[in-house]
Amino acid sequence: MKKLSLVFAVALASFVSLSAQAVDQREYHKDVIGKDCKTCHDQGLKNYPSDQACTQCHDVDELAEQTARSEEDKWQNPHNNLHYGKELPCIECHGEHEPKKPMCSNCHTFKYDKHK
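A brief look at the structure comes next. Since the structure is predicted, the reported quantities are computational estimates derived from the model, not experimental observations.

The rules we used
- Residues numbered from 1 in each chain as written.
- Predicted model: local features only at pLDDT ≥ 70, side-chain atom pairs only at ≥ 80, totals over all residues.
- Heavy atoms only, no water.
- Helix = DSSP H or I, 4+ residues; strand = E, 2+ residues; numbered from the N terminus.
- Buried < 20%, exposed > 50% of the residue type's maximum accessible area, 1.4 Å probe, protein only.
- Areas by Shrake-Rupley, 256 points an atom, 1.4 Å probe, with all protein chains shown as cover.
- Phe/Tyr/Trp six-rings, centres within 6.5 Å; stacked < 30°, edge-to-face > 60°.
- Lys NZ or Arg CZ within 6 Å of the ring centre and 35° of its normal.
- Salt bridge = Lys/Arg side-chain N within 4 Å of Asp/Glu carboxyl O.
- Disulfide = S-S within 2.5 Å.
- Contact = heavy atoms within 4.5 Å.
- Polar contact = N/O pair within 3.5 Å; in protein donor to acceptor, adjacent residues only side chain to side chain.

### Considerations on the overall build of the protein chain
For step 1, the next point in the chain: When its secondary structure is counted, the protein chain shows 4 helices and 2 strands.
For step 2, the next point in the chain: The N-to-C order of helical and strand elements in the protein chain reads α-α-α-α-β-β.
For step 3, the next point in the chain: Looking at the protein chain residue by residue over its 116 residues, the buried ones come to 16%.
For step 4, the next point in the chain: As displayed, the protein chain offers around 9600 Å² of accessible surface, 57% of which is attributable to carbon and sulfur atoms.

Now the structure itself:
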């Protein structure tokens, strides 16, 4: 009986550790990063990535240009806005493993239709 309990405990521990490692990752990042979590988690695996980790691949000026709006709405640009300019931390709106809504949605009603 003790052997069976030990085998069961080892099997259960294996399943738990496998499921902890099976995290969702966006397809466009899988192609570039693969399974090397430390590429983004530069401050340790239990911490959010730094903005520097994001800007290794994503240029803030290019993002601001891509998300620019008409002159009337120019400060509704998520990557260059009235409150934070280009300094808003990436993780405020973007989540690799879980989708996030844009931080601006907490107070404003304008939409970001292309938000990923």
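Now that the structure is up, let's keep going.
### Some points on the packing of aromatic side chains
For step 1, the next point in the chain: Taken as a whole and judged by the stated rule, the model has 0 aromatic pairs.
For step 2, the next point in the chain: Above the ring of Y48, the side-chain terminus of K100 is found at 5.6 Å from the ring centroid.

### Remarks on the pattern of salt bridges
For step 1, the next point in the chain: One pass over the structure, following the stated rule, counts 2 salt bridges.
For step 2, the next point in the chain: With its nearest N and O atoms 2.5 Å apart, the salt bridge here joins K86 to D61. In this pair, K86 is assigned in the segment after β2 (80-81) and D61 in helix α4 (residues 60-66), connecting sequence segments 25 residues apart.
For step 3, the next point in the chain: Among the ionic pairs, E71 bridges to K74, the shortest N-O distance being 3.7 Å.
For step 4, the next point in the chain: Take E71: its relative accessible area is 62%, and that puts it in the exposed class.

### Points about the state of the cysteines
For step 1, the next point in the chain: The full count for this structure, using the stated rule, is 0 disulfides.
For step 2, the next point in the chain: Cysteine C104 remains unbridged, with the sulfur of C93 as its closest cysteine sulfur at 5.8 Å.
For step 3, the next point in the chain: C107 carries a free sulfur, and the closest cysteine sulfur to it, the one in C104, is 8.6 Å from it.
For step 4, the next point in the chain: Accessibility expressed as a relative area gives 69% for C107, which makes it exposed.

### With respect to the environment of Q76
For step 1, the next point in the chain: Secondary-structure assignment places Q76 in strand β1 (residues 76-77).
For step 2, the next point in the chain: Considered as a pair, Q76 and H108 are 32 residues apart in the sequence and their alpha carbons are 9.5 Å apart.
For step 3, the next point in the chain: Setting aside residues no more than four positions away along its own chain, Q76 makes contact with R69, F110 and Y112.
For step 4, the next point in the chain: Reaching out from Q76, the side chain makes a polar contact with the side chain of R69 at a distance of 3.2 Å.

None of this, on its own, says anything about what the molecule does.
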